[in-house]
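Chain and residue survey
Read off the chains here:
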Amino acid sequence: MPAPDSVAVILAVLNEEAHIDDCLASLVNQSLPAREIVIADGGSTDATLDMLRSWQDRYPNLITVIENPDRHQAAGLTLAARRAGAEYLVRADGHTRFAPDYLEASVAALVGGDAVAVGGSQVGDAPGGIAKAIAAAMTSPLAVGTAPYRHGTGPRPVDTVYLGAFRRRDFLEIGGFRRLPSGAAEDADLYYRWRRQGRTVLFHPEIRSAYHPRSTYRALARQFWRYGVAKADMVILHGRLPHWRPLFPAALLLALVGALAIGLVLGLWQILAIIIGAWFTALAVVAAMVSGGPAVRIGAATAAAIMHVTYGAGLLAGLFRPAGAVARATRSF
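Just so you know, these numbers come straight off a predicted model, no measurement behind them. (Residues numbered from 1 in each chain as written. Predicted model: local features only at pLDDT ≥ 70, side-chain atom pairs only at ≥ 80, totals over all residues. Heavy atoms only, no water.)

**Examining the nonpolar core**
Grouped together as the largest cluster of nonpolar side chains are 36 residues, with contacts concentrated most on Leu 11, Ile 20, Leu 24, Leu 27, Ile 37, Ile 39 and Val 118. Of all the elements in the fold, those that place two or more residues in this core are β1 (7–13), α1 (20–27), β2 (36–41), α2 (48–58), β4 (88–91), α4 (102–111), β8 (162–167) and β10 (201–211). Counting residues per element, this core draws most heavily on α4, which supplies six residues. The residues contacting Val 118, other than those within four sequence positions of it, are Ser 106, Ala 109, Leu 110, Val 161, Gly 164, Ala 165, Leu 202 and Ile 207. Residues Ala 143, Leu 220, Val 296 and Ala 300 belong to the second largest nonpolar core, which totals 27 residues. (Core = buried A, V, L, I, M, F, W, Y, C linked by side-chain atoms within 4.5 Å. Buried < 20%, exposed > 50% of the residue type's maximum accessible area, 1.4 Å probe, protein only. Helix = DSSP H or I, 4+ residues; strand = E, 2+ residues; numbered from the N terminus. Contact = heavy atoms within 4.5 Å.)

**Regarding the packing of α1 against α2**
Packing of α1 against α2 brings their axes to within 10 Å, and their N-to-C directions diverge by 20°. For the element pair α1 / α2, the angle class is roughly parallel. By crossing handedness, the relation of α1 to α2 is classed as right-handed. Along its contact with α1, which presents Ile 20, Asp 21, Leu 24 and Ala 25, the element α2 presents Met 51, Leu 52 and Trp 55. Taken together, the residues of the contact of α1 with α2 sort by class into six nonpolar, no polar and one charged. (Axes fitted to C-alpha atoms, helices over the stretch in contact; angles between N-to-C directions. Parallel < 35°, antiparallel > 145°, perpendicular 65-115°, else oblique. Left-handed = near helix turned anticlockwise from the far one by under 90°. Nonpolar A, V, L, I, M, F, W, Y, C, P; charged D, E, K, R; others polar.)

**What about the pattern of salt bridges?**
Under the definition given, this model contains 12 salt bridges. The residue Arg 35 makes a salt bridge to Glu 36 at a minimum N-O spacing of 4.0 Å. Of the charged contacts, one joins Arg 208 and Asp 101 as a salt bridge, the two residues approaching to 3.0 Å between their closest N and O atoms. Residue Arg 208 is found in strand β10, and its partner Asp 101 is found in the loop between β5 (96–98) and α4; the two are separated by 107 residues along the sequence. The network of salt bridges with common partners includes Asp 70, Arg 179 and Arg 331. (Salt bridge = Lys/Arg side-chain N within 4 Å of Asp/Glu carboxyl O.)

**Regarding the pairing of strand β3 (residues 63–67)**
By the bridge criterion, five bridges tie β2 to β3 in an arrangement that is parallel. By the bridge assignment for β3, Asp 41 is matched with Glu 67. Regarding the hand of the β-α-β motif, the stretch spanning β2, α2 and β3 is right-handed. (Pairing = 2+ DSSP bridges. Right-handed = clockwise from strand over helix to strand, strands pointing away.)

**Quick notes on helix α9 (residues 186–196)**
Most of α9 is tucked away: eight of the 11 residues are buried. Looking only at α9, the buried set comprises Glu 186, Ala 188, Asp 189, Leu 190, Tyr 191, Tyr 192, Arg 193 and Trp 194. Positive backbone phi, at 90°, marks Gly 198, one or two positions downstream of α9.

**Description of helix α11 (residues 247–266)**
With 20 residues, α11 extends 27 Å between its outermost C-alpha atoms, agreeing within 8% with the 28 Å of an ideal straight helix rising 1.5 Å per residue. Regarding α11, the residues found buried are Pro 249, Ala 250, Leu 252, Leu 253, Leu 256, Ala 259 and Gly 263. Where α11 is buried, its residues touch α12 (270–289) and α13 (294–319). Following α11 by one or two positions, Gly 267 adopts a phi angle in the positive range, close to 75°. (Expected span 1.5 Å × (residues − 1).)

**Thoughts on a nonpolar patch on the surface**
A surface patch of nonpolar side chains, about 630 Å² in accessible area, is lined by Leu 260, Leu 264, Val 265, Leu 266, Leu 268 and Trp 269. By secondary structure assignment, the location of Leu 264 is in helix α11. A relative accessible area of 62% means that Leu 264 is categorised as exposed. (Patch = residues over 30% accessible without salt bridge, like charges linked within 9 Å, V, L, I, M, F, W, Y side chains within 5 Å. Areas by Shrake-Rupley, 256 points an atom, 1.4 Å probe, with all protein chains shown as cover.)

**Quick notes on unusual backbone geometry**
With phi around 55°, Asn 15 is a residue other than glycine that occupies positive phi space. Relative accessible area serves as the criterion here: at 35%, Asn 15 is assigned to the partly exposed category. Phi is positive for Ala 185, which is not a glycine, with a value near 65°. Residue placement: Ala 185 occurs in the loop between β9 (178–179) and α9.

**What about the pairing of β4?**
With burial as the criterion, each face of β4 is covered, one bearing Tyr 88 and Val 90 and the other bearing Leu 89 and Arg 91. Pairing between β1 and β4: four bridges, direction parallel. In the strand pairing of β4, Ile 10 is matched with Arg 91. In terms of strand pairing, β4 meets β8 through three bridges, oriented antiparallel. The partner of Leu 89 across the bridge, within β8, is Phe 166.

**Describing the environment of Pro 294**
Tracing the chain through its elements places Pro 294 in helix α13. A C-alpha to C-alpha distance of 31 Å links Pro 294 and Leu 260, two positions 34 residues apart in sequence.

See the structure below:
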């Protein structure tokens, strides 16, 4: 196992006052201590900066706060990686709380194999309300797909991982994260570029973290719209989908619109009824399979419907953009 002074945590934040204390508390109490935690703030307008300065005062030799004038996450993470001096970089997120052995498990998986990057399991963590329903929905493959970081049970090569750990040398050699037009998918883009070089990205379930989901349906809709546009960024920039599952929400929307048109023009409403019935059945399965009372189950089905519609709409809208404009808007740092 590498010495503690060879591991750095990199983090980009913007207005994270609700969760940053939980995040940092979990990072400063690790079984394998970090040499440094470098936090790039994108110009927070809430109490985040004051909270970060308080943490920096308590841990002056561990926590460093830098400015991210670009504001976007990809830029902040790349700036933090360049500022860090450790051999191994572990990416963190302000919405996430990390298991006590997160750094140790991440670096062990990285050092113990030939993977260029590793990452682990993410579970939803919310005490109640809409956030709890959203967290419940995220446990269902019918809501969010079958990504290994949400449902995987054993180590395996994957397309992308949640957050991730990698060697600083490899990260800088490939140019770090790029800012895509959507402002998201910088991780999927990085891991795709590594895999295109023949490198392996590894999922390992012993790397564990808990994610704080959005607390309103409106925020969830914005998040999954961006995810849909981000997937379109990946398709346009790299010319392929890693698999067909991301197309299902877009196919659902197209089917609904097409069936509605057939109903309006030809008066054949049976097709629309069948599609809506099949979709509502899937949402009922989501509600039936999640844990919790009636409010959580209904909320989870509602969240799943919002995820389907907004992700599919974002993907379709993103695919209609000119490829040249997407490429020109993609920025390296």
